[in-house]
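Listed here are the chains, written in short residue letters.
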Amino acid sequence: MAVRDGLVVWVGADDVGRSQFPGAGVEDLAGGFVAPGFVDSHIHISATGLTLSGLDLRPAASRDHCLRMVADYAAAHPDQPVWGHGWDESSWSNDAPPSTADLDAAVGDRPAYLARVDVHSALASTALRRRVPDLPAAAGFSADGPLAGEAHHLVRAVARGLLTTTQLTEARTAALRAAAAAGIVAVHECAGPQIGGLDDWAALRTLDHGVEVIGYWGEAVTTPAKARALIEQTGARGLAGDLFVDGALGSHTAWLHEPYADAPECVGTCHLDSGAAEAHVRACTEAEVAAGFHVIGDAAVSAVIAAFQRVVADVGVAAVARCGHRLEHLEMVTAEQAAQLGAWGVIASVQPNFDALWGGSEGMYARRLGAARAGQLNPLALLASQGVPLALGSDAPVTGLDPWESVRAAVNHHTPGSAISPRAAFAAATRGGWRAAGVRDGRMGTLVPGAPASYAVWDVAELEVSAPRDGVQRWSTDPRSRVPALPRLGPGDAVPRCRRTVHRGAVIHG
């Protein structure tokens, strides 16, 4: 491959290239696997960095273990508020999160905010709660347990305000450095008033780093003028991302048609009804701005589908499809709904690692919904078969940044028939991310002459052979097939290790 001025100018056989470019600098990659750079289509940079550089509770194996980790961190950082992420009581044997009293015993009279792994509920110490005077009246309040909904948003905003500028800058830099080290050249930051606010997004936009940050602002609008004004104000690519219609299954806040199997009185939380969603889609469509929503539960998906359906009926399919509207997560979707989304050109930003973490007959999904409903979650093959464009993301810090793990999860889905091929998964993690961001030149995310030189070099244990173990032809090492090889991505295979990441010709890692 020959690169000049940040562009791929030639790809071919080594001897031909050396003769065509006799004066070029040559670097032998010694068997390294070269592939287009990854795009993470859903991330929260500051929160990811705070997890990487601070208190990561994802390894906690029990409530007591979690509290020990919190106490140890608080003791080691006596002059800082405690900010942590990642506890997941669904993986603990006693299946109960710490109480406010438990947290106070671990941190004393200090502000502490500990987000659940899905970031849709959190524990807050009494010292932090006291800083939010209206907290007891907010929806989702619990005196001695995790806070959800509006109560969570209020306490999260106050907790963020206690972090120093230095802490946040270091966190953002750490997150982008980790992304580059994972072979990621661009990320879709899902920002918004209830995420980090305008200050956080403004700081991210000015951060000088080689990873390209594409922003989405999750705020509902009702008029085209307001849509255009928000795009102008934020510089975002669209009014999409985490515009919450509902919450998450782990926190019992995803909005369902039928109650949770392990909480029969609960159907989750509706943050944005179908009428408000329709107004947002209509305003953005008229302004030719990408709209989108966070939707997980089947009631949330139905509300948004109905909103799109009414807008399509009024303005036509073409007007809707040209905007590149998108839905985040889209875990509970029927065949009929998938067909509608495919017809309307709506993009699905999906997180296969959700299934890897919580799918299967013994996983969190099955406990929350029962095995039958859980087996229908994250139907990647259904979406792809109905023409819904897929873009893969991590939702970091909810799951890890490694894009090969996302690709592997998409290929090895817990539910038979819901997986997609390695080729489709890799495309969704590269070209799919650029397409979701509105880049449709046919070159970005590929390594062909004229494409930006955005790629990663990997150390790979083994490539997929032309006759896979399951007998299904997917990728081939035979050069006559014109199909690139990919690393083996079975459940027990080692994922590739990134040696170098290059974006638009500039080395950003390695």
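In what follows, the accompanying structure is described. Remember, it's a predicted structure, so these values are computed and weren't measured experimentally. (Residues numbered from 1 in each chain as written. Predicted model: local features only at pLDDT ≥ 70, side-chain atom pairs only at ≥ 80, totals over all residues. Heavy atoms only, no water.)

Turning to helix H11 (residues 298–315), a few remarks are in order. With 18 residues, H11 extends 26 Å between its outermost C-alpha atoms, agreeing within 8% with the 26 Å of an ideal straight helix rising 1.5 Å per residue. What H11 keeps buried is the set Asp298, Ala299, Ala300, Val301, Ala303, Val304, Ile305, Ala307, Phe308, Val311 and Val312. In this structure, the buried residues of H11 make contact with helix H10 (274–287), strand E13 (290–295), helix H12 (317–321), strand E14 (326–329) and helix H13 (335–344). Where H11 ends, the next residue or the one after it, Gly316, has phi of about 95°, a positive value. (Helix = DSSP H or I, 4+ residues; strand = E, 2+ residues; numbered from the N terminus. Expected span 1.5 Å × (residues − 1). Buried < 20%, exposed > 50% of the residue type's maximum accessible area, 1.4 Å probe, protein only. Contact = heavy atoms within 4.5 Å.)

Let's shift gears to the sheet that holds strand E5 (residues 55–56). With mixed pairing, the five strands of this open sheet are ordered in space as E5-E6-E7-E8-E9. Two strands in the sheet have a free side with no partner beyond their single neighbour: E5 and strand E9 (147–148). One ladder, built from two bridges, connects strand E8 (residues 121–124) with E9; its direction is antiparallel. Bridged to Ala122 within E9 is Leu147. (Pairing = 2+ DSSP bridges.)

Phe293, Val295, Phe308, Leu327, Leu330 and Leu383 are the most contacted members of the largest nonpolar core, which has 75 residues in total. The leading source of residues in this core is H11, at eight residues. Leave out the neighbours within four places in its chain, and Leu383 touches Leu330, Val333, Ala338, Ala348, Val350, Val388 and Leu390. Grouped together as the second largest cluster of nonpolar side chains are 19 residues, Val117, Ala254, Leu256 and Cys266 included. (Core = buried A, V, L, I, M, F, W, Y, C linked by side-chain atoms within 4.5 Å.)

Turning next to the packing of aromatic side chains. In total, this model carries ten aromatic pairs according to the counting rule given. Of the aromatic side chains, those joined through ring pairs into one cluster are Phe38, Trp404, Phe426 and Trp458. Geometry around Tyr216 places Arg326 over its ring, the cationic atom sitting 4.3 Å from the centre. (Phe/Tyr/Trp six-rings, centres within 6.5 Å; stacked < 30°, edge-to-face > 60°. Lys NZ or Arg CZ within 6 Å of the ring centre and 35° of its normal.)

By rolling a water-sized probe across the atoms, one finds the places where empty space is left. Inspection of every chain in the model, using the stated rule, returns seven cavities of 30 Å³ or more. By volume, the largest cavity is sized at about 240 Å³. Around the largest cavity, the lining is made up of 22 residues, and of these Asp118, Val119, His120, Ile195 and Phe244 lie nearest the centre. Examining the composition of the lining of the largest cavity, we find that four residues originate from one element, helix H6 (residues 149–161), more than from any other. Here the lining of the largest cavity is composed, by residue class, of six nonpolar, twelve polar and four charged. There is about 120 Å³ of room inside the second largest cavity. Taken together, 16 residues form the lining of the second largest cavity, with Asp118, Ala248, Ile296, Phe354 and Trp358 sitting closest to its centre. Sorting the residues of the lining of the second largest cavity by element identifies helix H14 (353–358) and helix H15 (364–369) as the ones contributing at least two each. Lining the lining of the second largest cavity are residues from two domains, each supplying at least three of them: domain 1 (47–162) and domain 2 (184–437). (1 Å grid on protein atoms, 1.4 Å probe; cavity = no way out; pocket = protein on both sides within 12 Å on 5 of 7 lines; lining within 4 Å. Points joined across faces, edges and corners; volume = space filled by probe spheres on them. Nonpolar A, V, L, I, M, F, W, Y, C, P; charged D, E, K, R; others polar. Domains from an automatic or database assignment.)

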